[in-house]
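# Working through the structure, step by step
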Amino acid sequence: MTPRVVHSSLHGRACRGKKGAMKSVAASTILGIGHYVPSKVVTNDDLAKLMSTSDEWIQQRTGIKERRYIEHSGIGASDLALPAVKMALEHAGLASEKDVDAIVFATLSPDHNFPGSGCFLGHKLGLPGVPALDVRNQCSGFLYGLSIADAWVRGGVYRHVLLVGAEVHSTGIELADRGRDVAVLFGDGAGAAIIGPATDPDQGLRSIKLHADGSGAKDLWLEAPASAYVPRLTKEMMDEGKHFPAMNGKQVFRWATEKMPEVSRAVLEEAKISAGDIDLFVPHQANLRINQLVCQKLGIPESKAVANIEKYGNTTAATIPLGLSEAWREGRCRRGSNVLMAAFGSGYTWGAAVLKL
Ligand code: COA
């Protein structure tokens, strides 16, 4: 990845030199990270009371044992993000929310259809005027957001970018037989990272690559409400369950196990790092079997890969920051560690990044 200066007319609390001019920086890095999951644990046996499924089926196919759901109505993705942000700020050694210069919020389950959850979060953090951008790239949302945050920090546009991945899935899945293939997979949760200038020239994001292919858009999608339909949502559509996510699981599985290794190899090559140099691999958590295959294809031992899907299920845009935050706190990585992150999801979208913490 060749560092380049981003020319921008954006105003804000950017990285400014002595004379007030925008100052580009050599590399961005993760200055701090945090996570949060709601307290309500929902086990596979709990789901088996609502639909024809079993703990054995779910564990065997996905590795999931339980997931978290919001405790009651009225808790949105931006609410789950709040405690994760506090944790990330503290980890980054930043005094307060006021040190945040811009927000990037990745989610497929925004608090409301519009405005974006970044605006709700900015208000809850007491940050009037701070720009907030929502990213709608599903399971790859955190990596798409990281790429934006990196460009802003390196270009001197903003110094500290708050990058959030947060989801409330439990209110949008069909907890019944018809929706069981999707419903058992997803959980609620949040992760947050502070992206800022790397202080050590050896540190920071080395390579990031993003992709999309809309030919698979309908393999994992939520059809309605839709601006393409008049009206956007009808009772008939609801009776048919078009307001719940639909998935072609086998296709998604096939693509994920091909694209995650492919894009991971590409970032490793660009960063001139071999898979053997990776200290921690943080793959998106969609299915334990997917990640086992990805590790095998990359030659990365599973012991170096984050695997928390058994506790949380798939939390979409939150899986990578949630996984990295837990792993950092467990001592599985530290400053100077080489971290590989990779994701695949609805869109299709996919990507990977290599970072020296
Ligand atoms: N409990 C019990 N049975 C279920 C079930 C559930 N929750 N969901 C589906 N089934 C049934 C199917 O109806 C099917 O029954 P049939 O054989 O009578 O038709 C059977 O189990 C097998 O279904 P199938 O879809 O072939 O299973 P699979 O081995 O492909 O596993 C997934 C299903 C969803 C676990 C798997 O395809 C997968 O993980 N795909 C990737 C999904 C993903 O990662 N999504 C998020 C991307 S970010």
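The notes below deal with the structure included here. (Residues numbered from 1 in each chain as written. Predicted model: local features only at pLDDT ≥ 70, side-chain atom pairs only at ≥ 80, totals over all residues. Heavy atoms only, no water.)

### Brief notes about the overall build of the chain
Along the chain, the regular secondary structure elements total eleven helices and 13 strands. What you see for the chain is a C-alpha radius of gyration of 20 Å, in line with the 21 Å of a compact globule of 357 residues. Its C-alpha atoms put the chain at 65 × 45 × 35 Å along the principal axes. Burial statistics for the chain: of 357 residues in total, 55% are counted as buried. Across the chain, contacts joining residues at least 24 apart in sequence account for 79% of those joining residues at least 6 apart. With an accessible surface of roughly 15400 Å², the chain has 52% of that area assigned to carbon and sulfur atoms. (Helix = DSSP H or I, 4+ residues; strand = E, 2+ residues; numbered from the N terminus. Rg over C-alpha atoms; globule rule 2.2 N^0.38 Å. Buried < 20%, exposed > 50% of the residue type's maximum accessible area, 1.4 Å probe, protein only. Contact = heavy atoms within 4.5 Å. Areas by Shrake-Rupley, 256 points an atom, 1.4 Å probe, with all protein chains shown as cover.)

### Considering unusual backbone geometry
In this structure, the amide linkage connecting phenylalanine 114 to the following residue, proline 115, adopts the cis form with an omega of 0°. Mapped onto the elements of the fold, proline 115 is located in the loop between strand E4 (102-106) and helix H4 (117-124). Residue alanine 224 is joined to proline 225 through a cis peptide bond whose omega torsion reads 5°. With respect to the helices and strands, the residue proline 225 is situated in the loop between strand E9 (220-221) and helix H7 (235-239). Phi at lysine 272 is positive, roughly 55°, even though this residue is not glycine. One can find lysine 272 in the loop between helix H8 (249-271) and strand E11 (280-283).

### Section: the pattern of salt bridges
Pairs can form between side chains of opposite charge whenever their charged atoms are close. All chains considered together, the criterion is met by 16 salt bridges. We note a salt bridge from lysine 235 to aspartate 239, for which the minimum N-O separation is 3.0 Å. One end of the pair is lysine 235 and the other is aspartate 239, both in helix H7 and four residues apart, which spans about a single turn. Residue class for lysine 235 comes out exposed when judged on its relative accessible area of 57%. (Salt bridge = Lys/Arg side-chain N within 4 Å of Asp/Glu carboxyl O.)

### Overview of helix H5 (residues 141-154)
Because each turn of an α-helix spans 3.6 residues, side chains separated by three or four positions end up pointing in the same direction. The end-to-end C-alpha separation of H5 is 20 Å, in line with the 20 Å expected for 14 residues at 1.5 Å each. Burial analysis of H5 places twelve of its 14 residues in the buried class, which makes it a mostly covered element. Restricting attention to buried positions, one finds in H5 the residues Gly141, Phe142, Leu143, Tyr144, Gly145, Leu146, Ala149, Asp150, Ala151, Trp152, Val153 and Arg154. Once H5 finishes, glycine 156 follows within two positions and takes phi at roughly 75°, a positive value. (Expected span 1.5 Å × (residues − 1).)

### A few points about the side chain of serine 170
Along the chain, serine 170 falls in the loop between strand E6 (161-167) and helix H6 (180-183). Polar side-chain contacts of serine 170 include one of 2.6 Å to the side chain of aspartate 188. (Polar contact = N/O pair within 3.5 Å; in protein donor to acceptor, adjacent residues only side chain to side chain.)

### A word on the nonpolar core
With 37 residues, the main nonpolar core has Leu146, Val161, Ile195, Leu324 and Met341 as its most contacted residues. Broken down by element, this core gets its largest block of residues, seven residues, from H5. By size, the runner-up hydrophobic cluster in this structure holds 28 residues, among which are Ala256, Ala286, Phe344 and Val354. (Core = buried A, V, L, I, M, F, W, Y, C linked by side-chain atoms within 4.5 Å.)

### Looking at the environment of glycine 126
Secondary-structure assignment places glycine 126 in the loop between H4 and strand E5 (132-135). A relative accessible area of 26% places glycine 126 in the partly exposed class. Remark: the alpha-carbon pair of glycine 126 and tyrosine 348, spanning 222 residues in sequence, is separated by 35 Å.

### Regarding the packing of helix H3 (residues 77-92) against H4
Two elements in contact, H3 and H4, have axes whose closest approach is 9 Å; the angle formed by their N-to-C orientations is 50°. By the criterion of interaxial angle, the relationship of H3 to H4 is oblique. Note that H3 runs across H4; the crossing there is right-handed. The segment H3 lies against H4, with Ala77, Ser78, Asp79, Ala81, Leu82 and Val85 engaging Ser117, Phe120, Leu121 and Lys124. Grouping the amino acids of the contact of H3 with H4 by side-chain chemistry returns six nonpolar, two polar and two charged. (Axes fitted to C-alpha atoms, helices over the stretch in contact; angles between N-to-C directions. Parallel < 35°, antiparallel > 145°, perpendicular 65-115°, else oblique. Left-handed = near helix turned anticlockwise from the far one by under 90°. Nonpolar A, V, L, I, M, F, W, Y, C, P; charged D, E, K, R; others polar.)

### A closer look at the side chain of lysine 259
Along the chain, the position of lysine 259 falls in helix H8. Note on lysine 259: relative accessible area 14%, which makes it buried. Look past the residues within four positions of lysine 259 in its chain and what remains in contact with it is Phe344 and Trp350.

### Some thoughts on the site of the ligand
With respect to spatial proximity, 22 residues lie near the ligand, and among them Thr53, Arg61, Gly249, Lys250 and Asn287 are the closest. A distance of 3.3 Å separates an oxygen atom of the ligand from a polar side-chain atom of tryptophan 57. At 2.9 Å from a nitrogen atom of the ligand is found a main-chain nitrogen or oxygen belonging to glycine 249. For the ligand, whose accessible area on its own is 960 Å², the fraction buried by protein is 73%. Looking at the shell around the ligand, the elements with two or more residues in it are helix H2 (55-62), H6, H8 and strand E12 (338-345). (Near = heavy atom within 4 Å.)

### So, the sheet that holds strand E7 (residues 189-197)
In spatial order, the strands read E1-E7-E6-E4-E5; together these five strands make up an open sheet with mixed pairing. Strands at the two margins of the open sheet, each flanked by one partner only, are strand E1 (28-36) and E5. The sheet shows a mean angle of 20° between the axes of neighbouring strands, taken without regard to direction. Where H4 meets the sheet, its contacts fall on E4, E5 and E6, and the angle it forms with E4 comes to roughly 130°. (Pairing = 2+ DSSP bridges.)

Shape is all these values report; function is a separate question.
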